[in-house]
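Summary of structural features
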Amino acid sequence: MPTRRAVLGGLGAVGTSVLAGSLSVPRAAPILPQAPQASGGTLHELELVADEHSGTRVPRAAEDAKLWLYNGELFHTLRIKRGDTIRAHLRNRLPEHTAIHWHGIRVPVEMDGVQYVTQPPVEPGEDFTYEFTPPDTGTFFFHSHCNSAEQIGRGLAGVLIVEGDEPEPFHAEHVLALKDWRLDEAGHWLPFSTNEGAGRAGTFGTVRTVNGVEAYAATTPASADIRVRVLNLDPTRMIDLGVEGAEAFVIATDGNAVEPFPLHTWRMGTAMRVDLHVRTPKAGQDFRLYNYFSPEPFLLARLTAEGPEQTQTRVVPRPLYASHAPKADISSAERKTFRFSAAAGAAASIAAEFPPDDPLARQLLDSLCAGNTGLWAINKAQWPTNGHRELPPPLALLEDGRSYVFELVNGTPHPHPIHLHGQTFEVLSASRQDLPRFQADTILVQPRERVEIAFVAARGSWMFHCHILEHQENGMMGWLRVS
Ligand code: C2O
Ligand code: CU
């Protein structure tokens, strides 16, 4: 099978054409239906017990490769309707402190789950209650923000789906959570972080799963319009998502509706989500989801159609209701630039100067002591390597309710999926990707690329970081103060 990457040059290509390098050219705003008033209002009071479990739930893991999970499940899933309230009691039964960050949800800042910044860390044996009403529909997730490479590496992440964005219900829905696991041949944990990985594109998992299964397979209604929610919950892995054997459209990015466009491949860094509308094939046939990022396409999931035909009409892509996130006023927006680079120092210069696959870089990085220097920086500032206990000064001071355009400049040879807490932004332009206009909470900035995002700032202290967890933990993190 030819790799689509070769055909498309590795870009998330879409119909809208934007000249590479052209910044500040806002394209037409999408035309999406508006949602009716939220009708929810149900209170979901629940417990999330973070605890240690045997490795048996993950393929090839030995029993003593301990998993850290919420409620004993891989990717414990919460499903609510827009307008509903979540009251979640986190019970920390882990041997170290933790907290829950609700990724992509525009929560009040006290509920954002960042230890030392928005709340005290939840120590072993302690509890903490999160309560909020998600203002937006979509596909979200939640995860620990403490010792992230290890806690998420051991499985501490869940899925949060906020319903209410479908003008017409789909015939079926699938949720595909992608995450790899760092296991050795005997099924024991490999180190969750390595100098070699942290200084470059990250340390990759060895066992690749979807919903905790290798070669995930499921059945789905035949000749149907279905929704597939894909979440990249891996700490490191890049995904060029594509579908074979069915017509597929992108209908949402990070939970926000986009004007549907045909899926060729869509590039997802860690923490990014995409929702697809797929017209399934006839009964007995299947369609497959692949990751085309690697040299050989990697089969993620196979869905086999069965049962009676659901529709005979021609497929028409189905837009979701427009996002409720405020839209920035670009003309009055204040502009700020953030440069993502290697930090000053030995390890950092190795990371910056050697090409991604250079074996010498690997040797040099391996020869350094673990965690002795920061590797990465934002505007030359490094998040301190000893965690959040010593809060560095904010990267920027913003004004509540004001519109901002951030220019994100990647000065490194590695892609960085950059996440901003508490805000939904619009992606205005990207110098090396041909992208439609879309909304997101995490944007992949390609090597040496400039990307512009716009948003309306909401009050609080918000983290701003690369979501390759080893980059985040090795300096590429900061915070913004909005008051
Ligand atoms: Cu998904 Cu700061 O994190
Ligand atoms: Cu990064």
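Preceding block: the structure.
Residues numbered from 1 in each chain as written. Chains lettered and ligands numbered in written order. Predicted model: local features only at pLDDT ≥ 70, side-chain atom pairs only at ≥ 80, totals over all residues. Heavy atoms only, no water.

1. A look at the overall build of the chain
Per the secondary structure count, the chain includes 6 helices and 30 strands. Across the 483 residues of the chain, 60% fall into the buried class. Across the chain, contacts joining residues at least 24 apart in sequence account for 78% of those joining residues at least 6 apart. If you sum the accessible surface of the chain, you get close to 18,100 Å²; carbon and sulfur atoms cover 51% of it. (Helix = DSSP H or I, 4+ residues; strand = E, 2+ residues; numbered from the N terminus. Buried < 20%, exposed > 50% of the residue type's maximum accessible area, 1.4 Å probe, protein only. Contact = heavy atoms within 4.5 Å. Areas by Shrake-Rupley, 256 points an atom, 1.4 Å probe, with all protein chains shown as cover.)

2. Observations concerning the nonpolar core
Counting 64 residues, the largest nonpolar core has Leu276, Leu289, Phe406 and Leu408 as the members making the most contacts within it. When residues of this core are assigned to domains, at least three map to each of domain 2 (171–306) and domain 3 (330–482). What Leu289 contacts, discounting residues up to four positions off in sequence, is Leu176, Val228, Val230, Leu241, Gly242, Val243, Leu276, Phe298, Leu299, Leu300, Ala301 and Leu303. Membership of the second largest hydrophobic core comes to 27 residues, among which are Ala50, Leu90, Ala99 and Ile100. (Core = buried A, V, L, I, M, F, W, Y, C linked by side-chain atoms within 4.5 Å. Domains from an automatic or database assignment.)

3. Here we look at the pattern of salt bridges
For the coordinates displayed, the defined rule picks out 32 salt bridges. A salt bridge links Asp165 to Arg227, with the shortest nitrogen-to-oxygen separation between them at 2.8 Å. With Asp165 in the loop between strand S8 (157–163) and strand S9 (172–181) and Arg227 in strand S12 (residues 225–232), this residue pair connects regions lying 62 residues apart in the sequence. By the burial criterion, Asp165 is buried, and Arg227 matches it. One continuous salt-bridge network, built from bridges that share partners, spans Arg79, Lys81, Glu163, Asp165, Glu166, Glu173, Arg227, Arg229 and Asp275. (Salt bridge = Lys/Arg side-chain N within 4 Å of Asp/Glu carboxyl O.)

4. What to know about the coordination of the copper ion (ligand 2)
Each donor-metal-donor angle would ideally measure 109.5 degrees in four-coordinate tetrahedral geometry, or 90 or 180 degrees in six-coordinate octahedral geometry. With distances of 2.0 to 2.1 Å, the protein atoms coordinating the copper ion (ligand 2) are His416 (ND1), Cys466 (SG) and His471 (ND1). Mapped onto the sequence, the residues coordinating the copper ion (ligand 2) show the spacing H-x49-C-x4-H. Of this pair, His416 sits in strand S24 (residues 416–420) while Cys466 sits in strand S29 (residues 460–466); the two residues are 50 residues apart in sequence, bridging distant segments of the chain. Just as His416 is buried, Cys466 falls in that class too. (Donors = N, O, S within 2.8 Å, 3.2 Å for Na, K, Ca; no water.)

5. Description of the sheet that holds strand S27 (residues 442–445)
Strand pairing within a sheet occurs via backbone hydrogen bonds; the two strands may be parallel or antiparallel. Spatial ordering of the open sheet is given by S22-S30-S29-S24-S27, a layout of 5 strands whose pairing is mixed. In the strand order of this sheet, the two ends are held by strand S22 (396–398) and S27, each with one partner. Ignoring which end each strand starts from, the neighbouring axes of this sheet average 20° apart. (Pairing = 2+ DSSP bridges. Axes fitted to C-alpha atoms, helices over the stretch in contact; angles between N-to-C directions.)

6. Focus on the sheet that holds strand S21 (residues 376–378)
The 6 strands are arranged S21-S20-S23-S28-S25-S26 in an open sheet whose pairing can be described as mixed. Only two strands of the sheet have a single partner each, and these edge strands are S21 and strand S26 (438–440). Across the sheet, the mean angle separating the axes of adjacent strands is 25° when strand polarity is ignored. In this sheet, strand S28 (residues 450–456) lies alongside strand S23 (residues 403–410) in antiparallel orientation, the contact comprising 7 bridges. Looking at the pairing, Val405 lines up with Ala454 of S28.

7. Comments concerning unusual backbone geometry
As a rule of thumb, non-glycine residues mostly have phi less than zero, and peptide bonds are mostly trans rather than cis. For Asn71, which is not glycine, the phi dihedral falls at a positive 55°. Position of Asn71 relative to the elements: it lies in the loop between strand S2 (67–70) and strand S3 (77–81). Residue classification places Asn71 among the partly exposed positions, given a relative accessible area of 28%.

8. Observations regarding empty space enclosed by the protein
To find leftover empty space, a probe the size of one water molecule is rolled over the atoms. Scanning the entire structure with this criterion turns up 6 cavities of 30 Å³ or more. Quantified by volume, the largest cavity comes out at close to 100 Å³. Every residue lining the largest cavity is counted, 14 residues in all, and those nearest its centre are Gly153, Arg182, Phe192, Thr203 and Pro235. Secondary-structure elements contributing two or more residues to the lining of the largest cavity are helix H2 (148–153) and S9. The element best represented in the lining of the largest cavity is S9, accounting for 3 residues. Grouping the amino acids of the lining of the largest cavity by side-chain chemistry returns 5 nonpolar, 4 polar and 5 charged. (1 Å grid on protein atoms, 1.4 Å probe; cavity = no way out; pocket = protein on both sides within 12 Å on 5 of 7 lines; lining within 4 Å. Points joined across faces, edges and corners; volume = space filled by probe spheres on them. Nonpolar A, V, L, I, M, F, W, Y, C, P; charged D, E, K, R; others polar.)

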